[in-house]
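# Fold and geometry: a report
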Amino acid sequence: MRAPFIRLSLAIWFLIPLVALAQTGSSVVQTLNIEVKPITKIAVSGNPGALYITDASAGSDVLSVSDNNSNYSMMTNLDNMKIVASINNPMPEGTRLMMKLESSKGSSSGLVDVSNAMSPVEVVTALGKGSDLNQSITYTFAANASIGQINVDSRVVTLTLTD
């Protein structure tokens with residue numbers, strides 16, 4: 001008597017998962033969450049050469065040297081973005097550091113004096129969605145002709161893509 005009961009119990013145990021699968025049907029549903037987050041990326045390539053003033057023109061009040069060996073690329077999925085520049089320390093008295101960023105997607109501010117830009121200053125404005133690739137960066141170092149020798153020094157310029 002116990003054997004038929006055990007066989008019936010085992011059969012039920014094996015059939016329950018099959019019955020459950022049969023009731024689920026042939027399709028299932030999943031919910032996915034999707035989102036596009038704001039993207040703002042900027043990168044530079046190349047390094048500016050040393051900006052050494054080694055020569056002067058007779059009668060010049062300002063001596064200067066420029067370098068355009070570096071480029072930047074940016075990408076954003078936002079409108080009305082801008083690139084701002086700042087410098088880690090002010091320039092020595094009687095000298096200036098200026099920079100110009102070209103742009104095919106926005107409006108360049110032209111040659112911008114960043115000599116005392118501890119707070120960011122705008123160098124490109126009106127950037128819209130998309131990318132601006134391999135755009136030229138020009139640095140210009142200028143000194144009053146009356147300035148004496150200045151030993152080698154350096155400055156860190158930070159470019160930020162922001163709104």
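These lines cover the structure that appears in this document, whether it is placed above or below. Predicted model, so just to flag it, every value in this text is computed and none were measured. (Residues numbered from 1 in each chain as written. Predicted model: local features only at pLDDT ≥ 70, side-chain atom pairs only at ≥ 80, totals over all residues. Heavy atoms only, no water.)

Spatially, four strands are ordered 5-7-3-9 in an open sheet, and the strand pairing comes out antiparallel. Lying at the two open borders of the sheet, with one neighbouring strand each, are strand 5 (107-108) and strand 9 (157-162). Two strands pair when backbone bridges link them, and strand 3 (residues 81-87) and strand 7 (residues 121-127) are joined in this way by four bridges, in the antiparallel orientation. Across the sheet, I83 pairs through a bridge with V124, a residue of strand 7. (Pairing = 2+ DSSP bridges. Helix = DSSP H or I, 4+ residues; strand = E, 2+ residues; numbered from the N terminus.)

Here we take up the pattern of salt bridges. Evaluated as defined, the whole model comprises five salt bridges. Notably, a salt bridge pairs K82 with E122, separated by 3.1 Å at the nearest N-O pair. One end of the pair, K82, is in strand 3; the other, E122, is in strand 7, with 40 residues separating them in the sequence. Overall, the relative accessible area of 39% leaves E122 in the partly exposed class. Taking the shortest distance from any N to any O, the salt bridge between E102 and K100 comes out at 3.4 Å. Look at K100 and you get partly exposed, because its relative accessible area is 30%. (Salt bridge = Lys/Arg side-chain N within 4 Å of Asp/Glu carboxyl O. Buried < 20%, exposed > 50% of the residue type's maximum accessible area, 1.4 Å probe, protein only.)

Moving on, we get to the pairing of strand 2 (residues 62-76). In this structure, strand 1 (residues 40-45) lies alongside strand 2, joined through six bridges in antiparallel fashion. Residue pairing in the sheet places K41 in a bridge with M75 of strand 2. As paired strands, strand 2 and strand 8 (residues 130-144) are joined by twelve bridges and run antiparallel to one another. From the neighbouring strand, S70 faces strand 8, where its bridge partner is I137.

For A126, which is not glycine, the phi torsion reads 60° and is therefore positive. Within the secondary structure, A126 is located in strand 7. Residue N134 is not a glycine yet carries a positive backbone phi of 50°. With respect to the helices and strands, the residue N134 is situated in strand 8. Residue classification places N134 among the exposed residues on the basis of a relative accessible area of 56%.

With that out of the way, let us pick up the nonpolar core. Counting 21 residues, the largest nonpolar core has I83, M99 and L101 as the members making the most contacts within it. For this core, the secondary structure elements donating two or more residues are strand 2, strand 3, strand 4 (95-101), strand 7, strand 8 and strand 9. If you tally residues by element for this core, the top one is strand 3, at four residues. Every residue in contact with I83, bar those within four places of it in the chain, is listed here: I42, Y72, M74, L101, V121, E122, V123, V124, L127, L159, T160 and L161. (Core = buried A, V, L, I, M, F, W, Y, C linked by side-chain atoms within 4.5 Å. Contact = heavy atoms within 4.5 Å.)

For the rest of this paragraph, the subject is the side chain of T76. Take T76: it is sitting in strand 2. From its side chain, T76 meets the backbone oxygen of I39 in a polar contact 2.9 Å long. Those residues within four positions of T76 in sequence are excluded, and the remaining contacts are I39, T40, M81, G128, K129, G130 and L161. (Polar contact = N/O pair within 3.5 Å; in protein donor to acceptor, adjacent residues only side chain to side chain.)

By themselves, these figures tell us nothing about what the structure is for.
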